[in-house]
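Residues per chain are reported as follows:
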Amino acid sequence: MSTIGDVLVADAVVIGSGVSGLTTALSLEGRDVILLTKGPLASGSTRWAQGGIAAAVGEDDGPDLHAADTIGVGVGLNDPPAVAALTAGGAEAVATLIERGAAFDRDEAGNLVLGREAGHSVRRILHASGDATGAEVSRALTAAVGRSPIRVIEHAWVAEILVSAGRVAGVVAVVDGNPIHVAAPVVVLATGGIGHVYAKTTNPPEVTGDGIALARRAGADLTDLEFVQFHPTALDSGRDPMGLLTEALRGEGAVLIDDDGERFMLGEHPDAELAPRDVVARATWRLLRAGRRPMLDARDAVGGAFPERFPTVYGLCVEAGLDPRIEPVPVSPATHYHMGGILTDLDGRSTVPGLWAAGEVTRTGIHGANRLASNSLLEGLVFGGRVAASILATNPAPVPTETVAGPTIPEPQPDLEQALRDLMWAEVGVIRSADGLERALDEIDRIEEKAAQGASELRSMLTVSRLVAESALARTESRGGHFRADHPETDPGWAYSIVVPR
Ligand code: SIN
């Protein structure tokens, strides 16, 4: 193992360039910030977000109503103060984003056009170019970073968070195969979710759960890891990652039909296609398991307006040889969002001094057992700002800058990665059982034995897979995104979160 010569020194290191990382870095005005991003700037899930940003900005809306809707789908595990912070901070966070350059769809009078999604009692989803909201958020925030003094290092994969005398002291990262050492008293994890740990996902391939694995090794508490959200309508075209068919389509009246042309959600839930996401995902999954073909039919709801109103979805369908204006398109559930993550307080502080976290990698208590659609971009905006404010209230402390060891980076093992992803999808996915989860844990052991030693994405994926499977096995009930075929009821005795201690 070699040592790393040069040391970069900063007041804070922000890891990740989605909405949470970019917002945090931009809000740390006056501090010397290094932003590390695994891919190019603005990689991660944000740029692929379609639906939009939920915020109580409409005349018929307010933070309390938005909070009630958020808690309504969270099935008893939301933390009400965290939800209140999110919804009360919505209007200001959106205003700041607009000041930073984001443009949202407006009507002819210049008013914001608000969309509807499942679980929202009023129209409150801001969107850009129809279904390209994430791309617009990324564009605006990366441009703002370009105008700022933030030092950006692209293609930097963080291998280790350094901890010295019980406090964060920086990170070791690998950039184009070369190790770098960044010494800093503050590290913010904004690395996103865990989608790529599963064979079917709407997340980009870089989303491998690194943040959770790093936090775990640094000694942070983790919570609610069993709660994974499966989006019910990914385009089932064989593509990996899968294309997302935004819930806004169902908000506009698109229906789910089986291969006999029957609407299968009518018998499942009073809200039919706008039932909570987990209910729709399970119905779609069961149909697929029965050898049937679930499809999304937006011919009447959108029809000829597709290219203009849903250009991203339209493009994904055309790429797959499908025309959603004139035909229903095949769908499957896919891993979309992780409600669990690093346990943080209302300012994004983890249980390790100096380690903050923002966005999907956290468990702030906003989402509970199920996330309300379009609350995640808002979370990045509001909590990115809160994390920065809480860091600005601390004094940058000196940190050790002596030489540290470079990490051992093994060759990628794509076959093992794929085996793990298939396993997670089959046994730790939409419908789980004790037998399947125990089988998954045995198989994770076997894959781990074959995995090369050192720091790698595969190692992150193994850590996350094991923790999610163990948490899912421990929770002997069904709640929100976690469904156990052997315990299908919600048990009031389980109305608490599982904390995975350090
Ligand atoms: C969607 O557009 O359906 C996804 C929105 C979200 O996951 O918040």
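Right, let's walk through the structure included here. Computed from a prediction, not measured in an experiment: that's the story for all the values here.

With that settled, the discussion passes to the sheet that holds strand S17 (residues 341-343). Reading across from one edge, S19-S17-S12-S20 is the order of the 4 strands in this open sheet, with mixed pairing throughout. Edge strands, defined here as strands with exactly one partner in the open sheet, are strand S19 (362-363) and strand S20 (499-500). Two elements, strand S12 (residues 222-223) and S20, share 2 bridges in a ladder whose sense is antiparallel. Each bridged residue has a counterpart across the sheet, and for Thr223 the counterpart in S20 is Val499.

Before going further, it helps to examine helix H6 (residues 210-218). Most of H6 is tucked away: 7 of the 9 residues are buried. Among the residues of H6, Asp210, Gly211, Ile212, Ala213, Leu214, Ala215 and Ala218 are the ones counted as buried. Trailing H6 by a residue or two, Gly219 shows a phi angle of about 100°, which is positive.

Let us look at the pairing of strand S9 (residues 167-175). In terms of residue burial, S9 counts as a mostly covered element, since 8 of its 9 residues are buried. As judged from the 8 bridges shared by strand S8 (residues 156-164) and S9, these two strands associate in the antiparallel manner. Paired with Ser164 across the strands is Arg167, a residue of S9. Following S8, the chain reverses through 2 residues before pairing antiparallel with S9; Ala165 in that reversal takes a positive phi of roughly 50°. As defined by bridge partners, S9 adjoins strand S10 (residues 178-183) across 6 bridges and the pair is classed as antiparallel. When the bridges of S10 are listed, Val174 appears paired with Pro179. The hairpin turn running from S9 into S10, its antiparallel successor, is 2 residues long, and Asp176 in that turn takes a positive phi close to 50°.

Grouped together as the largest cluster of nonpolar side chains are 62 residues, with contacts concentrated most on Leu36, Val171, Leu189, Tyr198, Leu355, Leu420 and Val468. At 8 residues, the largest contribution of residues to this core is made by helix H14 (residues 457-474). Residue contacts for Leu420: discarding those within four places in its chain leaves Val197, Ile444, Ile447, Leu458, Met461, Leu462 and Ser465. The next biggest cluster of nonpolar side chains, apart from the first, holds 41 residues, and it includes Val19, Ala144, Trp356 and Val382.

How each quantity is defined
Residues numbered from 1 in each chain as written. Predicted model: local features only at pLDDT ≥ 70, side-chain atom pairs only at ≥ 80, totals over all residues. Heavy atoms only, no water. Pairing = 2+ DSSP bridges. Helix = DSSP H or I, 4+ residues; strand = E, 2+ residues; numbered from the N terminus. Buried < 20%, exposed > 50% of the residue type's maximum accessible area, 1.4 Å probe, protein only. Core = buried A, V, L, I, M, F, W, Y, C linked by side-chain atoms within 4.5 Å. Contact = heavy atoms within 4.5 Å.

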